[in-house]
Amino acid sequence: KRMRIRSTHAPYIANKITLDLLNCGFVEMKKGIEPIKAACLKVIDEDIELEYSVDEKVRKLLEQNEEEIEFLSPDRKQLFWMVKRKVAAETGFFLEQEERFSSIAHKILDEIWNEDLADYTVTETRIKTVIVKAILDFVKSQDSIEDSVKEKVRNYKRTIVEGSEEYDIVVQKLYEDELTKRGML
């Protein structure tokens, strides 16, 4: 199952990576945790933007070839993915989760190194493993976190209208509480 990384998740993923690097025991953060978190967030945001631009290119290509597509009448979702694979390859965006997270980890490590934010006493591969595992842990727990938040909203003392500002605030608070409970915030 492939999960899209949403921009709302980016700060939490950056935070999880930073905490895992802080707690791994072989990374010394020279300028504290905030610059590391900022470096992680920058790379993750760039990756999300890249996927967004790939999706936009695919949509435009499909729109431009609308008549042929209707004539051939293929499965829309399948066609989108076929075109996305091609555009992603041309753009240097990895669709496979393992490759994508590895690429993000590599870029984060470059950013941390180039900005002179950390020293470490182990191989880069060990550091990248910590980063990839942090992302995977976040992604794997995402469904259960969101389910837990939805359940708490349903059982809230009073009814909160979905889509309202109050709803968004309550969901955000419950989401962060759940992340804190799981040691991700």
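Residues numbered from 1 in each chain as written. Predicted model: local features only at pLDDT ≥ 70, side-chain atom pairs only at ≥ 80, totals over all residues. Heavy atoms only, no water.

Peer 1: Teacher, can you tell me more about the nonpolar core here?
Peer 2: A general feature of soluble globular proteins is that nonpolar side chains tend to end up buried together. If you look at the biggest cluster of nonpolar residues, it comprises 43 residues, and the most contacted ones within it are Ile17, Leu21 and Ile44. Looking at this core, the elements with two or more residues in it are α1 (10-23), β1 (27-29), α2 (33-64), α5 (97-114), β2 (118-120), α6 (124-154) and α7 (165-181). Here Ile17 is in contact with Cys40, Ile44, Ile108, Ile131, Ala134 and Ile135, once residues within four sequence places are set aside. Ranked by size, the runner-up nonpolar core spans eleven residues in total, among them Leu62, Phe80, Val83 and Val87. (Core = buried A, V, L, I, M, F, W, Y, C linked by side-chain atoms within 4.5 Å. Buried < 20%, exposed > 50% of the residue type's maximum accessible area, 1.4 Å probe, protein only. Helix = DSSP H or I, 4+ residues; strand = E, 2+ residues; numbered from the N terminus. Contact = heavy atoms within 4.5 Å.)

Peer 1: Is there a simple way to think about the environment of Arg158 in this case?
Peer 2: With respect to the helices and strands, Arg158 occurs in the loop between α6 and α7. Sequence spacing of Arg158 and Ser53 is 105 residues, and the spatial spacing of their C-alpha atoms is 41 Å.

Peer 1: Would you explain α6 in this entry?
Peer 2: Given 3.6 residues per helical turn, the α-helix brings residues three or four places apart onto the same face. With 31 residues, α6 should cover 45 Å at 1.5 Å per step; its first-to-last C-alpha distance of 45 Å lies within 8% of that length. Taking the largest bend as the criterion, α6 deviates by roughly 45°, centred on Gln142. (Expected span 1.5 Å × (residues − 1). Bend = angle between axes of the 7 residues up to and from the residue.)

Peer 1: Sorry if this is basic, but what is going on with the pattern of salt bridges here?
Peer 2: Scanning all chains against the criterion turns up 20 salt bridges. Ionic pairing is found between Glu51 and Arg100, a salt bridge with its closest N-O pair at 3.1 Å. With Glu51 in helix α2 and Arg100 in helix α5, the pair connects residues that are 49 residues apart, well separated along the chain. Residue class for Arg100 comes out buried when judged on its relative accessible area of 3%. A salt bridge links Glu56 to Arg59, with the shortest nitrogen-to-oxygen separation between them at 3.1 Å. Taken together, the residues Glu56 and Arg59, both in helix α2 and three residues apart, mark about one turn of the helix. Residue Glu56 is classed as partly exposed on the basis of its relative accessible area of 23%. A single network of salt bridges, built from pairs that share partners, joins Asp47, Glu51, Asp55, Lys84 and Arg100. (Salt bridge = Lys/Arg side-chain N within 4 Å of Asp/Glu carboxyl O.)

Peer 1: So what exactly am I meant to see when it comes to the packing of aromatic side chains here?
Peer 2: The relation between two aromatic rings is expressed through the spacing of the ring centres and the mutual angle of the planes. Applying the stated criterion across every chain yields a total of two aromatic pairs. Taking 6.0 Å as the distance between ring centres and 55° as the angle between the ring planes, the aromatic pair formed by Trp113 and Tyr120 counts as tilted. With relative accessibility at 52%, the residue Trp113 sits in the exposed group. Lying over the aromatic face of Phe26, Arg126 brings its terminal NZ or CZ to 4.4 Å of the ring centre. The ring of Tyr156 has Lys157 sitting right over it, with the charged end atom 5.4 Å from the ring centre. (Phe/Tyr/Trp six-rings, centres within 6.5 Å; stacked < 30°, edge-to-face > 60°. Lys NZ or Arg CZ within 6 Å of the ring centre and 35° of its normal.)

Peer 1: When you look at the side chain of Asp55 in this model, what are you seeing that I'm missing?
Peer 2: Here Asp55 lies in helix α2. Residue contacts for Asp55: discarding those within four places in its chain leaves Arg4, Phe80 and Lys84.

Peer 1: Any chance you could explain the packing of α1 against α2 here in plain terms?
Peer 2: Packing of α1 against α2 leaves a shortest axis separation of 8 Å and a crossing angle of 135°. As judged from the angle between their axes, α1 and α2 are oblique. Between α1 and α2 lies a crossing whose hand is right-handed. Facing Ala10, Pro11, Ile13, Ala14, Asn15, Ile17, Thr18, Leu21 and Leu22 of α1, the residues of α2 in contact are Ile33, Ile36, Lys37, Cys40, Leu41, Ile44, Asp45 and Ile48. Looking at the contact of α1 with α2, its residues break down into 13 nonpolar, two polar and two charged. (Axes fitted to C-alpha atoms, helices over the stretch in contact; angles between N-to-C directions. Parallel < 35°, antiparallel > 145°, perpendicular 65-115°, else oblique. Left-handed = near helix turned anticlockwise from the far one by under 90°. Nonpolar A, V, L, I, M, F, W, Y, C, P; charged D, E, K, R; others polar.)

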